[in-house]
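Below, each chain spelled out in residue letters.
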Amino acid sequence: MRTIVRNGYELADYQGAYRVSAELSPFERRFVGGLAAMLAPGAEILDWGCGPGVPYDLHLAWSGFRLTGVDICAKHIAAAKRNVPAAAFIEGDFTSHQPPGPVDALVCLYALFHVPREEHSALLARAYRLVKPGGFLLITVGVHRTAGVEIERGWCGATMAWSSFDAETNLRMIAGAGFGVVLSADEADWGSNEHQLWVLAERRGAVP
Ligand SMILES: C[S@@+](CC[C@H](N)C(=O)[O-])C[C@H]1O[C@@H](n2cnc3c(N)ncnc32)[C@H](O)[C@@H]1O
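As the structure is a computational prediction, the values presented were derived from the model and not from experiment.

1. Focus: the overall build of the protein chain
Part 1 of the argument: A count of helices and strands for the protein chain gives seven helices and nine strands.
Part 2 of the argument: Since a compact globule built from 208 residues should have a radius of gyration of about 17 Å, the 16 Å found for the protein chain is in line with a globular shape.
Part 3 of the argument: Considering only C-alpha atoms, the protein chain reaches an extent of 45 × 35 × 35 Å along its principal axes.
Part 4 of the argument: Burial status across the protein chain gives 41% buried among its 208 residues.
Part 5 of the argument: Restricting the contact set of the protein chain to residue pairs at least 6 apart, pairs at least 24 apart contribute 67%.

2. Some words on the site of the ligand
Part 1 of the argument: If you check the shell around the ligand, you find 22 residues, and the closest are G49, G51, I72, C73 and H114.
Part 2 of the argument: Mapped by element, the contributors of at least two residues to the shell around the ligand are α1 (2-11) and β2 (66-71).
Part 3 of the argument: With three residues, the single largest contributor to the shell around the ligand is α1.

3. Examining unusual backbone geometry
Glycine aside, residues mostly have negative phi angles, and peptide bonds mostly take the trans form.
Part 1 of the argument: The omega angle of the peptide bond from V54 to P55 is 0°, so this bond is cis rather than trans.
Part 2 of the argument: Mapping P55 onto the fold places it in the loop between β1 (44-48) and α4 (56-62).
Part 3 of the argument: One non-glycine residue, Y110, adopts positive backbone phi at about 55°.
Part 4 of the argument: Note on placement: Y110 falls in the loop between β4 (103-108) and α6 (120-130).
Part 5 of the argument: Of note in the backbone geometry, C156 takes a positive phi value of approximately 55° without being a glycine.
Part 6 of the argument: Within the secondary structure layout, C156 lies in the loop between β6 (150-155) and β7 (158-162).

4. A word on the pairing of β1
Part 1 of the argument: Burial runs high along β1: four of the five residues are buried.
Part 2 of the argument: In this view, the connection linking β1 to its parallel neighbour β2 by way of α4 has right-handed handedness.
Part 3 of the argument: Across three bridges, the pairing between β1 and β4 is parallel. From the neighbouring strand, I45 faces β4, where its bridge partner is A105.

5. Points about the sheet that holds β2
Part 1 of the argument: Strand order in the open sheet formed by seven strands is β3-β2-β1-β4-β5-β9-β8, and the pairing between neighbours is mixed. The sheet is open, and its two edges are formed by β3 (88-91) and β8 (179-186), each paired on a single side. Strand-to-strand twist of the sheet, defined as the mean angle between neighbouring strand axes without regard to direction, takes the value 15°.
Part 2 of the argument: Here β8 pairs with strand β9 (residues 196-203) via seven bridges, running antiparallel. Bridging across to β9, L183 finds its partner in L200.
Part 3 of the argument: Sitting on the sheet, helix α7 (residues 167-176) touches β5 (131-142), β8 and β9, and the angle it makes with β8 is about 155°.

Each value, and the rule that gives it
Every chain is numbered independently, its residues counted from 1 as its sequence is written. Thresholds applied to this predicted model are a pLDDT of at least 70 for local features of residues and 80 or more for the giving and counting of side-chain atom pairs; totals over whole chains, interfaces and linings are not thresholded and use all residues. Only DSSP runs of H or I reaching four residues or more are called helices, and only runs of E reaching two or more are called strands; each is numbered from the N terminus. With the radius of gyration taken over C-alpha atoms, the globule rule is written as 2.2 Å times the number of residues to the power 0.38. Here a residue counts as buried when 20 or more other C-beta atoms sit within 10 Å of its C-beta, as exposed when there are 12 or fewer, and as partly exposed otherwise, the C-beta atoms being derived from the backbone. Contact between two residues is assigned when their C-beta atoms, built from the backbone, lie within 7 Å. In this entry, near means the residue's backbone-placed C-beta atom lies within 6 Å of the molecule or strand. The definition of a right-handed crossover adopted here requires that, viewed with the strands pointing away, the path from the first strand over the helix to the second runs clockwise. Two strands are counted as paired when DSSP detects at least two bridges linking them. A fitted line through C-alpha atoms represents every axis, and for helices the fit uses only the stretch in contact; the resulting angles, taken between N-to-C directions, go from 0 to 180 degrees.

See the structure below:
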């Protein structure tokens, strides 16, 4: 699945199709701005599957946070470095990338669905360990369960792969990892063409 995803993003024009604006929508502001409002100045953020860095990393770097993005697509890492010079970007697989220390917030937007869903629970547990106590997770998860790994041909001119559980299972897994949900909403209910559940959650307590 990773090879399909990486090759797909190297070929596709994701930024041109989905990330032309540096502005956040009111819905995105609730979550990205909500995260920013809860972090101390200069807090450290890790972004799993950062893509070309706009608009989310740009907004967080503008807000004065120290941001590191990780992405498997070399083209996206090159674009992110151009788009957000104030942040650091690393080419790699976020499922195995090891940051030097725990972070104040982990962000993972529109990226978990590119990892086989059998790995999601373990990844959320890993996210919990990477976030400092009192720190935050900002993530988008699927609303509908896919039929295993779904392959889509002709997505943005490329072949792409998706894998997701339904919203209820995803929320259960986030809570099971030890996070307490602060805010969650399906963006489709706010007029978006996307159908993802945005979740802002806090790491509470010790490792479960
Ligand atoms: C739909 S894009 C989202 C990018 C960005 N988060 C945004 O919202 O604009 C998904 C990104 O996740 C990256 N990605 C997918 N699987 C990955 C993995 N295992 N490790 C690192 N990056 C991954 C892709 O290369 C792509 O840039």
